[in-house]
Amino acid sequence: MVGSNDSALLLVDIQNDFCSGGSLAVPGSQEIFPVVNAAITDAQDKRWPIIASRDWHPVDHCSFNHRGGPWPVHCVQDTHGAAFHHELDLPAMAIRVSKGTAFETDAYSAFDGTQLEQFLSRRGIKHLQVAGLALDVCVRATVQDALRLGFDVELLVAGTRAVESGQTDDVLDQLAEAGASVRR
């Protein structure tokens, strides 16, 4: 499936706040870096576009607990927590896609309000290799949207972790049933 010039690597939300020590740290997040960095090297060798999505929330975002949302304050624009993690070997030419940028609208998928679909379609991308954080939240939403939009998706399981690790198998089964290639 993935491996041609109509493929891209999509990295979801590998940001400080979702990694060890962050305000919304995903358990085991540090374990994804060898897999993700190898995928980046492979994508560069194949001349695939590399896209990195990020939560990029305003200070008073609707998803924050103090606003009645489900999450602690995280990934506030231009803060250390919102930065891509320093262990991520993200090349300078990678495309950065910011989501969740409006005060009153949340966004879990890298496709939600970002025009990522149009960017990929304009470049003839049909296949996406996906990794990132968190499997049971933004990765799941991104993969589901990509499939719904007609992209072939390969999920690099070793390159993702879930907020609720007990949900991992259910989420992987759900994504496989939806049509994703789940590479365990």
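Data block above holds the structure.
Read on for an overview of the structure. (Residues numbered from 1 in each chain as written. Predicted model: local features only at pLDDT ≥ 70, side-chain atom pairs only at ≥ 80, totals over all residues. Heavy atoms only, no water.)

### Quick look at the overall build of the protein chain
Put simply, the rule reads: Going along the chain from the N terminus, every DSSP run of H or I of four or more residues is numbered as a helix, and every run of E of two or more is numbered as a strand. Throughout, the radius of gyration refers to the C-alpha atoms, and the reference size of a globule is 2.2 Å times the residue count to the power 0.38. Accessibility here uses a 1.4 Å probe with only protein chains present; expressed as a share of the type maximum, an area under 20% marks a residue as buried, one over 50% as exposed, and anything in between as partly exposed. Should any heavy atoms of two residues lie within 4.5 Å, those residues are considered in contact.
The helix and strand tally for the protein chain stands at four helices and six strands. Of the regular secondary structure in the protein chain, the N- to C-terminal order runs β-α-β-β-α-β-α-β-α-β. Scaling as 2.2 N^0.38, a compact globule of 184 residues should have a C-alpha radius of gyration of about 16 Å, and the protein chain matches this with 15 Å. A principal-axis box enclosing the C-alpha atoms of the protein chain has dimensions of 45 × 35 × 30 Å. For the protein chain, the proportion of its 184 residues judged to be buried stands at 53%. In the protein chain, 74% of the contacts between residues at least 6 apart in sequence involve partners at least 24 apart.

### Here's the deal with the environment of Asn16
Within the fold, Asn16 resides in the loop between strand S1 (7-12) and helix H1 (33-46). Counting along the chain gives 99 residues from Asn16 to Gln115, while the straight-line C-alpha distance between them is 24 Å. Among all residues touching Asn16, those that are not within four sequence positions of it are Gly22, His80, Gly81, Ala83, Phe84, His85 and His86.

### A short note on the pairing of S1
Put simply, the test is: Paired strands, in this sense, are two strands between which DSSP finds at least two bridges.
Most of S1 sits out of view: six of its six residues are buried. Burial of S1 is two-sided: the residues Ser7, Leu9 and Leu11 facing one way and the residues Ala8, Leu10 and Val12 facing the other way are all buried. Of the pairings in the sheet, the one linking S1 to strand S2 (residues 50-55) comprises four bridges and is parallel in character. What sits directly across from Leu10, in S2, is Ile51.

### Brief notes about the pattern of salt bridges
Here is the rule: A pairing counts as a salt bridge when a side-chain nitrogen of Lys or Arg comes within 4 Å of a carboxyl oxygen of Asp or Glu.
Tallying each qualifying case throughout the model produces six salt bridges. Asp13 is the partner of Lys99 in a salt bridge, and the nearest nitrogen-oxygen pair spans 2.7 Å. Of this pair, Lys99 sits in strand S3 (residues 95-99) while Asp13 sits in the loop between S1 and H1, and the two are 86 residues apart along the sequence. For Asp13, a relative accessible area of 0% translates into the label buried. A salt bridge links Arg161 to Glu31; the shortest N-O distance between them is 2.9 Å. Placement of Arg161 in strand S5 (residues 152-161) and of Glu31 in the loop between S1 and H1 is noted, with a sequence separation of 130 residues between them.

### Quick word on the packing of aromatic side chains
Worth spelling out the cut-off: Only rings of Phe, Tyr and Trp enter the pairing, Trp through its six-membered ring, and a pair is recorded when the two centres are within 6.5 Å. The plane angle decides the type: under 30 degrees is stacked, over 60 is edge-to-face, the rest tilted. Criterion for a charge above a ring: Arg CZ or Lys NZ at most 6 Å from the ring centre, at most 35 degrees from the ring normal.
Per the stated rule, a full pass over the model turns up one aromatic pair. Note that Arg54 overlies the ring of Trp56, its terminal NZ or CZ placed 3.8 Å from the centroid.

### Focus: the environment of Lys126
Residue position: Lys126 is located in the loop between helix H2 (116-122) and strand S4 (127-133). Spatially, the C-alpha atoms of Lys126 and Ser23 are 35 Å apart, while their sequence positions differ by 103 residues.

### Describing unusual backbone geometry
Residue Ala134 is bonded to the preceding Leu133 through a cis peptide linkage, with omega at -15°. Locating Ala134 in the fold gives a position in the loop between S4 and helix H3 (135-148). At Cys75, a position not held by glycine, the phi torsion is positive, near 50°. Along the chain, the position of Cys75 falls in the loop between S2 and S3.

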